[in-house]
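Residue-level structure breakdown
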Amino acid sequence: MACPQFFERLIVRNIGSSVYWLETSKHNPRPSLAHAIEVDVAIVGAGFTGLWTAYQLLNAQPGLRVALLEGEEVGFGASGRNGGFAMTLLDMSLTHLRRNHGDSGARSAHLAVADSIDEMGATIASHNIECEWVRGGLLVVGTNRAQMQRVESDYRTSEALDLAGFELLSGSETRAQLDSPTYLGALAEEHCAVVHPAKLANGLAAVVEELGATIYEHTPMSSISEHGGRLHIATHGGMVSAEQVVLATNAWASTTPWFKSKVVPLYTYIALTEPLSEEQWETIGWQQRQGVEDKRNFVHYYRRTDDGRILWGGSDGIIYPGGKIKARYDRGETVFKRLDKTFRHTFPQLDNVRFSHTWGGPVAITASFMPMFGTLLEGRLHYGLGYNGHGVAPSHTGGKILRDKVLGKTSELTELCFVDSREAAFPPEPLRWITAELTRRSLLRQDASMDAGKLNGAMDPLLLRAMKKFS
Ligand SMILES: Cc1cc2nc3c(=O)[nH]c(=O)nc-3n(C[C@H](O)[C@H](O)[C@H](O)COP(=O)(O)OP(=O)(O)OC[C@H]3O[C@@H](n4cnc5c(N)ncnc54)[C@H](O)[C@@H]3O)c2cc1C
């Protein structure tokens, strides 16, 4: 007969279902747009991409009339609900970035995002944004031999690209920093910080307002049209006439005609523990408060919070039929169960720790696994999206790219390999969903076979061929 603890565990492990970050940050409500306005630049979406773009634009050109239109509230999207890792990752790994974009393309893209992490820290400090920014670095751990091959391959790539700040750690060196019996070794990267993402979004919103931007909340763009040399955005209650528009709606861009075939929303999920006691922390270490990821295709990512919890995310991702985005998809029971299991497998010392919160949200997946920046509508509509689940730092780089695009400047940033590049497309529905789902399953299968000891750390060749076909 099952013991009482078994039933207790079943009931108590997942006791919450709200976005802890949104719950623990102060949000100042803003009015929705209820009339017609004329601005120089309208930014659609008030997540990190929209907010950093406004920040960069107003610093470059004070006095510019900038309005942000947010369909819900500042930080409602992925920006207010992510793991809070500001990291350099682009493409599936540094190795993939180099393979797909060459030495020079990979090096400049990586360095641009690394610079962003430095600049984010400096901006947060100079504006006193209280957002629990901790620059503790990143540990990319290998938990089986195939994952270790990937770790080592990224290390060799960092050497080949002459990138500073990477160190290969043995199993015991890794476990001395954070103690899990599953670790075989790790790649430590200096360029990574963890942050309270909703506090950063709310803090940044206040800063851009001080700089002169106006933010309208509960103001979804319903259509956009061009006439008289300007763009016109219709919202439920108002109208915006703008010289230029920046589309910063990430996963939601998949609902627009331009990005329907270029972006698939994938839901990723997070579980958060209750605060650990000092004794519990002592059993695992983690004094440096690094962000941690493993080397699965569907990574596990985890970090400490300021109030002593562990945020545990990843493990799987779900594309819902038709690539739809719906509030009810914020709950992903199957994934939560898997998160619970992998947490306890990784830290058996913490088997009695309970989860207090669980939530999820949509990220934007592109066929190339790279972000997309470009311009449409004869130079008036600029977009930056498709971060494939790691846009916290790249959205800062994106803000600078979009600033340069709006101001008509060519710069090193507008020459990066993911700007104005030929964007790979997914096939039309229902093939789009089927392809994306088959890809997801294939990646999960590979994760399982690697866990079972197979040494196929490279991606499934069939899958790579399929991805190439549609790109
Ligand atoms: C659970 C989860 C964990 C993640 N963890 C990490 C991590 O640890 N590190 C990392 O780098 N990345 C992570 N990401 C990804 C990261 O959060 C995103 O890449 C990044 O926040 C994208 O920012 P954004 O501003 O482009 O998009 P969003 O933050 O999604 O903002 C888009 C905004 O557009 C608004 N919008 C949509 N349609 C309209 C419309 N028609 N009119 C007006 N407004 C509209 C939305 O309401 C939303 O607020 C995670 C994402 C999720 C969901």
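In what follows, the structure referred to is the one given above.
Attention here is on the structure that accompanies the text. Please read all numbers here as calculations on a predicted model, not as lab measurements.

Remarks on the overall build of the protein
- Of the regular secondary structure elements, the protein holds twelve helices and 18 strands.
- Computed over C-alpha atoms, the radius of gyration of the protein comes to 22 Å, within 12% of the 23 Å expected from 2.2 N^0.38 for 471 residues, which places it in the range of a compact globule.
- Across the protein, contacts joining residues at least 24 apart in sequence account for 76% of those joining residues at least 6 apart.
- Summing over all exposed atoms, the protein offers an accessible surface of approximately 19200 Å²; the carbon and sulfur share of this is 54%.
- Treating the 47 positive side-chain charges of the protein as one cloud and the 52 negative ones as another, the clouds have centres 8 Å apart.

Some remarks on the pattern of salt bridges
- Applying the stated criterion across every chain, the model contains 26 salt bridges.
- Note that Asp103 and Arg98 form a salt bridge whose closest N and O atoms lie 2.7 Å from each other.
- The class for Asp103 is partly exposed, based on a relative accessible area of 39%.
- We classify Arg98 as partly exposed; its relative accessible area is 29%.
- Note that Lys400 and Glu119 form a salt bridge whose closest N and O atoms lie 3.0 Å from each other. Of the two residues, Lys400 is situated in helix α10 (residues 394-406) and Glu119 in helix α4 (residues 94-126); the sequence distance between them amounts to 281 residues.
- Judged by its relative accessible area of 8%, Lys400 falls in the buried class.
- Of the residues examined, Glu119 reaches a relative accessible area of 30% and is grouped as partly exposed.
- Ionic contacts of the salt-bridge type, sharing partners, join the residues Asp316, Arg338, Glu437, Arg440 and Arg441 into one network.

Section: the packing of α4 against α10
- Running from amino to carboxyl end, α4 crosses α10 at an angle of 95°, the nearest separation of the two axes being 8 Å. Viewed along their axes, α4 and α10 adopt a mutual orientation that is roughly perpendicular. Seen from α4, the contacting residues are Ala112, Val113, Ser116, Glu119 and Met120; seen from α10, they are Pro394, His396, Thr397 and Lys400.
- Considered class by class, the residues forming the contact of α4 with α10 number four nonpolar, three polar and two charged.

Considerations on the site of the ligand
- Lining the immediate surroundings of the ligand are 34 residues, of which Thr49, Glu70, Ser79, Met221 and Val392 lie closest.
- Between the ligand and Thr49 there is a distance of 2.7 Å, counted from an oxygen atom to a side-chain nitrogen or oxygen.
- Here an oxygen atom of the ligand and a backbone polar atom of Ala78 are 3.1 Å apart.
- In isolation the ligand offers 1000 Å² of accessible surface; the protein chains occlude 96% of this area.
- A breakdown of the residues in the shell around the ligand according to their chemical character gives 15 nonpolar, 17 polar and two charged.

Considering the sheet that holds strand β5 (residues 166-170)
- Pairing is mixed in the open sheet, where eight strands are placed in the order β5-β6-β4-β13-β14-β15-β12-β16. With partners counted over all chains shown, the strands left at the sheet margins are β5 and β16 (355-366), one partner each. With strand direction ignored, the average angle separating the axes of adjacent strands in the sheet is 20°.
- The pairing of strand β12 (residues 263-273) with strand β15 (residues 310-318) spans five bridges and is classified as antiparallel. Among the inter-strand pairings, Ile270 is bridged to a residue of β15, identified as Gly313.

Observations concerning the environment of Leu444
- Here Leu444 is to be found in helix α11 (residues 431-451).
- For Leu444 and Arg331, which are 113 residues apart along the polypeptide, the C-alpha to C-alpha distance reads 20 Å.
- Contact partners of Leu444, with chain neighbours within four places excluded, come to Arg296, Phe298, Ser315, Asp316 and Arg338.

Brief notes about unusual backbone geometry
- With an omega dihedral of 5°, the bond running from Glu429 to Pro430 counts as a cis peptide bond.
- Its place among the elements puts Pro430 in the loop between α10 and α11.
- We note that Phe369 has phi near 65°; this positive angle belongs to a residue other than glycine.
- Structurally, Phe369 can be placed in the loop between β16 and β17 (372-376).

Details of the environment of Gly386
- Secondary-structure assignment places Gly386 in the loop between β18 (381-385) and α10.
- Along the primary structure Gly386 and Pro371 are separated by 15 residues, whereas in three dimensions their C-alpha atoms are 4.5 Å apart.
- Setting aside anything within four residues of it in sequence, one finds Gly386 in contact with Asn250, Ala364, Thr366, Met370, Pro371 and Met372.

Regarding the packing of aromatic side chains
- Within this structure, the stated rule accounts for 21 aromatic pairs.
- Judged by centre distance (4.7 Å) and plane angle (65°), the ring pair of Phe259 and Tyr383 falls under edge-to-face. Highlighted residues: Phe259 in the loop between β11 (239-247) and β12 and Tyr383 in strand β18, separated in sequence by 124 residues. Across the pair, Tyr383 and Phe259 agree in class, each one buried.
- Measuring from centroid to centroid gives 6.0 Å for Trp312 and Phe347, while their planes differ by 65°, and the two rings are edge-to-face. Taken as a pair, Trp312 in strand β15 and Phe347 in the loop between α9 (333-346) and β16 lie far apart in primary sequence, 35 residues in all.
- Here the aromatic cluster, defined as three or more aromatic residues joined through ring pairs, consists of Trp281, Trp286, Tyr302, Trp312, Phe343, Phe347 and Phe355.
- Positioned above the aromatic ring of Phe76 is the side chain of Arg81, whose terminal nitrogen or guanidinium carbon lies 5.1 Å from the ring centre.
- One cation-aromatic arrangement involves Arg304 over Trp281; the distance from NZ or CZ to the ring centre is 3.7 Å.

How each quantity is defined
Residues numbered from 1 in each chain as written. Predicted model: local features only at pLDDT ≥ 70, side-chain atom pairs only at ≥ 80, totals over all residues. Heavy atoms only, no water. Helix = DSSP H or I, 4+ residues; strand = E, 2+ residues; numbered from the N terminus. Rg over C-alpha atoms; globule rule 2.2 N^0.38 Å. Contact = heavy atoms within 4.5 Å. Areas by Shrake-Rupley, 256 points an atom, 1.4 Å probe, with all protein chains shown as cover. Lys, Arg positive; Asp, Glu negative; His and termini not counted. Charge placed at Lys NZ, Arg CZ, Asp CG, Glu CD. Salt bridge = Lys/Arg side-chain N within 4 Å of Asp/Glu carboxyl O. Buried < 20%, exposed > 50% of the residue type's maximum accessible area, 1.4 Å probe, protein only. Axes fitted to C-alpha atoms, helices over the stretch in contact; angles between N-to-C directions. Parallel < 35°, antiparallel > 145°, perpendicular 65-115°, else oblique. Nonpolar A, V, L, I, M, F, W, Y, C, P; charged D, E, K, R; others polar. Near = heavy atom within 4 Å. Polar contact = N/O pair within 3.5 Å; in protein donor to acceptor, adjacent residues only side chain to side chain. Pairing = 2+ DSSP bridges. Phe/Tyr/Trp six-rings, centres within 6.5 Å; stacked < 30°, edge-to-face > 60°. Lys NZ or Arg CZ within 6 Å of the ring centre and 35° of its normal.

Read these as spatial facts, not as claims about activity.
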